[in-house]
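Commentary on secondary and tertiary structure
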Amino acid sequence: MSKGKKEHEPSLERGKFRSKGLKEGEDDVRVFFKEPHNVRGKDRLLCFVSEHTRYPFVVVYNDAKWNLEKRFSDFAELDAQLDEAFKNNEDVVLPEFPPKKYFGSLSPALIKERQEGLEKYMKAIVKDHEVLQCRSLREFLETPDIVGKDKHKEFDFGRR
């Protein structure tokens, strides 16, 4: 390529980066996790200030993208809802959900392990087209068909 010409930068246009194997009309949904961070709560448990970890991630939905942040308990609730929704469907095998730990949930090693497990879990469930139609998952991901087309109009990839 000559020096004067600028290389063509890829865009997120629908046809260029759609996941392989999608049929026409199927949604292309992907998730990308960012670095988790701890948040101090306003409430107290005995003499301790509550603290929890938030797991931020980007949702790419067809031509749109937006940021979300969820707690581990939010992901666990989604998993329970999906288990219930697909318990009688032998065609759907849900991935293993990262185990819940009762102690040490704020340790950097556990947070990193959870992030990797949650990312693997979410990437697997959004690839299953039948699971992707489940209202619980669509509410969790805040897809435009659930929250409206204007909710995610402005997004900022730099923010948490």
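Keep in mind the model is a prediction, meaning the values are calculated, not measured.

A closer look at the overall build of the chain
Within the chain, the secondary structure is distributed over 5 helices and 4 strands. Order of helices (α) and strands (β) in the chain, N terminus to C terminus: β-β-β-β-α-α-α-α-α. For the chain, the proportion of its 160 residues judged to be buried stands at 36%. Of the contacts made within the chain by residues no fewer than 6 positions apart, 56% connect residues no fewer than 24 positions apart.

Some details on the packing of aromatic side chains
Enumeration according to the criterion identifies 8 aromatic pairs in this entry. We note Lys70 situated over the ring of Phe140; from NZ or CZ to the ring centre the distance is 4.7 Å. Just above the ring of Phe72 sits the side chain of Arg114; from NZ or CZ to the centre is 3.7 Å.

Here's the deal with the side chain of Gln115
With respect to the element layout, Gln115 can be found in helix H2 (residues 108-127). In contact with Gln115, not counting residues within four places along its chain, are Phe33, Lys34, Glu35, Pro36 and Tyr55.

A look at the packing of helix H1 (residues 72-86) against H2
In the contact formed by H1 and H2, the axes pass within 12 Å of each other and the chain directions differ by 35°. The element H1 and its partner H2 pack so that their crossing is left-handed. Within the contact between the two elements, H1 uses Phe72, Phe75, Leu78, Asp79 and Leu82 and H2 uses Arg114, Leu118, Tyr121, Met122 and Ile125. Split into classes, the residues belonging to the contact of H1 with H2 amount to 8 nonpolar, no polar and 2 charged.

Describing the nonpolar core
Residues Leu82, Met122 and Leu141 are the most contacted members of the largest nonpolar core, which totals 29 residues. Within the residue set of this core, elements represented by two or more residues are strand S1 (29-33), strand S3 (48-61), strand S4 (64-71), H1, H2, helix H3 (129-132) and helix H4 (135-141). Looking at this core element by element, the count peaks at 6 residues for H2. Setting aside residues no more than four positions away along its own chain, Met122 makes contact with Val31, Phe33, Phe75, Leu78, Leu137, Phe140 and Leu141.

Focus on the pattern of salt bridges
Within this structure, the stated rule accounts for 6 salt bridges. Residue Lys123 is joined to Glu119 by a salt bridge in which the shortest nitrogen-to-oxygen separation is 3.9 Å. Here Lys123 and its partner Glu119 are both found in helix H2, 4 residues apart, which amounts to about one turn of the helix. Of the residues examined, Lys123 reaches a relative accessible area of 29% and is grouped as partly exposed. Of the residues examined, Glu119 reaches a relative accessible area of 22% and is grouped as partly exposed.

So, unusual backbone geometry
Most peptide bonds take the trans form, and the phi angle of most residues other than glycine is negative. Despite not being glycine, Asn62 has its phi angle at roughly 50°, a positive value. Tracing the backbone through its elements, the reader meets Asn62 in the loop between S3 and S4. Although it is not a glycine, Glu142 sits at a positive phi angle of roughly 55°. Looking at where Glu142 falls in the secondary structure, it is placed in the loop between H4 and helix H5 (144-147). Since its relative accessible area comes to 16%, Glu142 is described here as buried.

As for the confidence of the model for the chain
Scored by pLDDT, the chain comes out at a mean of 80, with 71% of its residues at no less than 70. In this model residues 1-17 is a low-confidence stretch, pLDDT under 50, and it forms 15 contacts with partners more than four residues away in sequence or in other chains.

Here is what the cut-offs are and how they apply
Going along each chain's sequence as written, the residues are numbered from 1 onward. Since the coordinates come from a predicted model, pLDDT governs what is reported: local features require at least 70, and pairs of side-chain atoms require 80 or more to be given and counted, while whole-chain, interface and lining totals use all residues. Derived side-chain values reflect all non-hydrogen atoms in the structure, with water molecules and hydrogen atoms excluded from consideration. Numbering of helices and strands starts at the N terminus; helices are DSSP runs of H or I of at least 4 residues and strands are runs of E of at least 2. Categorising residues by exposure relies on relative accessible area from a 1.4 Å probe, with only protein chains included: less than 20% of the type maximum marks a residue as buried, more than 50% marks it as exposed, and the intermediate range marks it as partly exposed. Throughout, a residue-residue contact means that at least one pair of heavy atoms, one from each residue, lies within 4.5 Å. Each aromatic pair joins two rings of Phe, Tyr and Trp (for Trp, the six-membered one) with centres within 6.5 Å, and gets the label stacked for planes under 30 degrees apart, edge-to-face for over 60, and tilted for any other angle. A ring is considered to have a charge above it if a Lys NZ or an Arg CZ atom is located within 6 Å of its centre and within 35 degrees of its normal. Axis angles are defined between N-to-C directions and span 0 to 180 degrees, where every axis is a line fitted to C-alpha atoms and, for a helix, only to the segment in contact. Left-handed describes a crossing in which the near helix is turned anticlockwise from the far one by less than a right angle; the clockwise case is right-handed. Nonpolar residues are Ala, Val, Leu, Ile, Met, Phe, Trp, Tyr, Cys and Pro. Charged residues are Asp, Glu, Lys and Arg, and all others, Gly as well, are polar. In this description, a nonpolar core means a group of buried Ala, Val, Leu, Ile, Met, Phe, Trp, Tyr and Cys residues linked to one another through side-chain atoms lying within 4.5 Å. Here, a salt bridge means any Lys or Arg side-chain nitrogen found within 4 Å of an Asp or Glu carboxyl oxygen. pLDDT is defined as a per-residue confidence score from the predictor, taking values between 0 and 100.

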